[in-house]
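Given next are the chains, with one letter for each unit.
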Amino acid sequence: MKNQSVWVADFECTTETDYNIDGFVRCYLWHARRLNSDETAMGFDVDSFVEFAHNADTVWFHNMKYDASFVNYRLLEKGWTYSPSPVKGEAHINVIQAGDRWIQYTIMYPDGHMTNLNDSMTKYPFSLEAVAETLGIEGKSDDDFTKRREPSYRADAIDIARVEGDTRILKTAMEIMYSEDMTHMTSASDAWAEYKKTVSKDDWKDWYPMNLPETFEFSDGYVMNVRDSYRGGWVHVNPRYKGKTLFNVDVYDMNSMYPSMMYIKELPYGKPVMRAEPKPDELYIVSFSASFRVKKGMFPTYQRRNSVLSVQADYVMESQGIEQLTMTCIDYELFKKHYDIDYEGGHHYLCFKKRKDMFKKYIDHWSARKINAKNGGEKQIAKRMLNSLYGKFGQDPVRDLTYPVFTDNGVEWITEHGASVSKYNDKYLPMACFITAYARQEIMTRADLFGDDFVYADTDSIHCIRMSDKPRADDLGLIPIHPKEFNHWKLESSSPHGKYIRAKTYYHADEDYNPIWEGDEVQIKCAGMPANVKGVCSWDDFHVGAEFTGKLVSKSVRGGTCLISGTFRIKNISCEEDSWYDDGIETGW
């Protein structure tokens, strides 16, 4: 890796103003900087970039999908085609995606050389301006999106200064990552590689058996799918407060939720055993049939997988007759606590040995690095290393294969569902199942303690209301408080007013119902709402159905990608309206 040619780069491209006149977009300027070097490069079209990239091994872009879409369009237009691997004498491209994001775009040159375009947002998952702020360096300058740049336009000094500023920030950020040997495609891969260094070969073989199957067939023919027990964070709005004006809203965040669970909880390891009944000292995943309904005064905890509703939304109030369920023993205890069960039977148990020390060395190291960080860059690396590891255990070896083709209508994408399968699987899915289950147990148990004061939860935070004459939750002993320690909570904020519409959609305001600002960020949470819209959204405007101008929507067009002016509407998400929306809706109480 040290001998490789690694660069950062940025494209400046024409905008909607030009697209509406020209019918296409183009890259009119690009700039690149080599890591740990004063070497730079610059050009004025995609062809010159492709020629430059032939001598590079890796080029990092921030939000690479946008820049690489111009490369992709041009290469496909010239006759290059998709291939998962290079073929000597032929020109190909390859794309690795995660949902709608491009993680890596590979240019495969006819001479066999491959250049990877990577997305630095997998390392720094926020805007480039925020990256500069985190690192404590000079920020970037804004573009004039309304300026006309006709096809003959040549980049001026202002354009060049702007793109040089962007690559300056990104070069600093990526040199910090590379100085720590964080050279993988994502932070999760970096964390996985670092974790493996802390575990001996013998322990790894004992703890995480290679190619452990995800399905297990019992002696009676029943097949359990372990992935059916894997779920994400708990996101829930108390329906009694939905859309209402609330007073004195306190927000508590747990310090490093998932690392805390990895550090203090007993977790599974080794090859599981199928049993009719689990032993007292075992963890287990259970599949069973049941009909049930949520208990009066309790909130729903069971979440369907692979239903027609969005993943986060489907917390079940009442079963649709007898349903087949699969969950960890941690979730099973919550299930029995929160639901009246009318029928239960057909249990099958997949049982695991357990221990608590598998992540101690790793977490001790990165916790110390976080506490002793000398700057924002070091702290960011430590935070990412602590928070990115658990999800790697849940990585699905079977993925959709999506690739581009060039047609008379431009670039079109073909998806083959389940067509991409890893040759081997060295991950251990039960670990991810139990880490996330413990996290749900922690936050749901705390929500129970808050009772009628509980307003909202999202993965590692609890929002509650507090009467003006009533002590805070931490003073009542409902929640352990410490600013940094694992398995403790901290008071993140207190707001005079709050309004919660649905999951991940809420507004905190001051005494006069004006939005609360923290630095340059307004305390309005609404998935998909751009920052400029949040800046003009008033308290009265924040409701289902409200529509705002100013949202830019990425559209694949001739030449690459264009940000098209559109509107943003706060929707009451339902499966009919937005089945793609994975932040979900809230169910009843």
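For clarity, every value in this text was computed on a predicted model and none was experimentally measured. (Residues numbered from 1 in each chain as written. Predicted model: local features only at pLDDT ≥ 70, side-chain atom pairs only at ≥ 80, totals over all residues. Heavy atoms only, no water.)

A. View of the overall build of the chain. Within the chain, the secondary structure is distributed over 14 helices and 27 strands. In terms of overall size, the chain behaves like a compact globule, its C-alpha atoms giving a radius of gyration of 26 Å where 589 residues would be expected to give roughly 25 Å. Across its three principal directions, the C-alpha atoms of the chain cover 70 × 60 × 50 Å. A sequence separation of at least 24 residues applies to 70% of the contacts in the chain between residues at least 6 apart. (Helix = DSSP H or I, 4+ residues; strand = E, 2+ residues; numbered from the N terminus. Rg over C-alpha atoms; globule rule 2.2 N^0.38 Å. Contact = heavy atoms within 4.5 Å.)

B. Focus on the packing of helix α2 (residues 46–53) against helix α3 (residues 64–77). Two numbers describe how α2 lies on α3: the axes approach to 10 Å, and their chain directions differ by 95°. Our classification of the angle between α2 and α3 gives roughly perpendicular. The residues of α3 that touch α2, namely those facing Val46, Asp47, Phe49 and Val50, are Phe70, Val71, Arg74 and Leu75. (Axes fitted to C-alpha atoms, helices over the stretch in contact; angles between N-to-C directions. Parallel < 35°, antiparallel > 145°, perpendicular 65-115°, else oblique.)

C. Quick look at the sheet that holds strand β14 (residues 283–294). Strand order in the open sheet formed by 4 strands is β13-β16-β14-β15, with antiparallel pairing between adjacent strands. The strands lining the two open edges of the sheet, one partner per strand, are β13 (267–275) and β15 (323–328). The average angle at which neighbouring strand axes cross in this sheet is 40°, direction not considered. As paired strands, β14 and strand β16 (residues 339–355) are joined by 11 bridges and run antiparallel to one another. Its bridge partner being in β16, Ile285 is matched across the sheet by Leu350. Its contacts with the sheet put helix α12 (residues 429–450) on β13, β14, β15 and β16, and the angle it makes with β13 is roughly 110°. (Pairing = 2+ DSSP bridges.)

D. Region of the structure containing the packing of aromatic side chains. If you walk through the whole model with that rule in mind, you get 50 aromatic pairs. Relative to Trp204, the ring of Trp192 has its centre 5.4 Å away and its plane inclined at 80°; by these criteria the two rings are edge-to-face. Of this pair, Trp192 sits in helix α6 (residues 187–197) while Trp204 sits in helix α7 (residues 201–207), and the two are 12 residues apart along the sequence. Comparing Trp192 with Trp204, the two get one shared label, buried. (Phe/Tyr/Trp six-rings, centres within 6.5 Å; stacked < 30°, edge-to-face > 60°. Buried < 20%, exposed > 50% of the residue type's maximum accessible area, 1.4 Å probe, protein only.)

E. Focus on the sheet that holds strand β11 (residues 235–237). Strands sit in the order β11-β19-β20-β12-β21-β22-β25 across an open sheet of 7 strands; the sheet is antiparallel. Every interior strand has two partners, whereas the edge strands, β11 and β25 (524–526), have only one. The average undirected angle you get between the axes of adjacent strands in this sheet is 30°. Bridge count between strand β12 (residues 246–254) and strand β21 (residues 489–502): 8 bridges; the pairing is antiparallel. Bridge assignment links Met254 to a residue of β21, and that residue is Trp489.

F. Broad picture of the pairing of strand β27 (residues 560–569). Note: strand β26 (residues 547–557) against β27, 10 bridges, orientation antiparallel. Counterpart to Glu547 in the pairing with β27 is Arg569.

G. Region of the structure containing unusual backbone geometry. Phi at Asn63 is positive, roughly 65°, even though this residue is not glycine. Relative to the assigned elements, Asn63 resides in the loop between β4 (58–61) and α3. Look at Asn63 and you get partly exposed, because its relative accessible area is 38%. Backbone geometry places Asn487, a non-glycine residue, at a positive phi of 60°. Locating Asn487 in the fold gives a position in the loop between β20 (461–465) and β21. Note on Asn487: relative accessible area 25%, which makes it partly exposed.

H. Region of the structure containing helix α5 (residues 157–179). Taking 1.5 Å per residue as the helical rise, α5 with its 23 residues ought to reach 33 Å, and the 32 Å between its terminal C-alpha atoms agrees with that figure. If you check the start of α5, you find a side-chain oxygen 3.1 Å away from the backbone N of Ile158, and it comes from Asp156. At the C-terminal side of α5, Asp181 shows a positive phi close to 65°. (Expected span 1.5 Å × (residues − 1). Polar contact = N/O pair within 3.5 Å; in protein donor to acceptor, adjacent residues only side chain to side chain.)

I. Main features of the nonpolar core. Ranked by size, the top nonpolar core spans 97 residues in total, and within it Tyr195, Tyr208, Phe359 and Phe393 carry the most contacts. Here this core gets 13 residues from one element, more than from any other, and that element is α12. Ignoring sequence-local partners within four residues, the contact set of Phe359 consists of Tyr195, Tyr208, Met262, Leu267, Leu389, Phe393 and Met431. Among the nonpolar cores identified, the runner-up in size contains 39 residues, and Ala68, Phe70, Val95 and Trp102 belong to it. (Core = buried A, V, L, I, M, F, W, Y, C linked by side-chain atoms within 4.5 Å.)

J. Local environment of the environment of Ile564. With respect to the element layout, Ile564 can be found in strand β27. Counting along the chain gives 545 residues from Ile564 to Tyr19, while the straight-line C-alpha distance between them is 9.3 Å. Sequence-distant contacts of Ile564, defined by excluding residues within four places in its chain, comprise Glu16, Tyr19, Lys551, Leu552, Val553 and Lys555.

K. Structural view of the environment of Asp512. Position of Asp512 among the secondary structure elements: in the loop between β22 (505–509) and β23 (517–518). The class of Asp512 is exposed, set by a relative accessible area of 60%. With 27 residues separating them along the chain, Asp512 and Trp539 place their C-alpha atoms 9.7 Å apart.

L. Inspection of the confidence of the model for the chain at higher detail. In the predicted model, the chain carries a mean pLDDT of 90, and 94% of its residues have values of at least 70. In this model, residues 307–312 is a region of pLDDT below 50 whose contacts with residues beyond four sequence positions or in other chains number 15 contacts. Predicted confidence for residues 574–589 stays below pLDDT 50, and this span has 51 contacts to residues more than four positions away or in other chains. (pLDDT = per-residue confidence, 0-100.)

M. Broad picture of the state of the cysteines. Taken as a whole and assessed by the stated rule, the structure comprises 0 disulfides. With no disulfide of its own, Cys351 has Cys329 as its nearest cysteine by sulfur position, at a separation of 9.0 Å. With no disulfide of its own, Cys562 lies 10.0 Å from the sulfur of Cys13, the closest cysteine sulfur. (Disulfide = S-S within 2.5 Å.)

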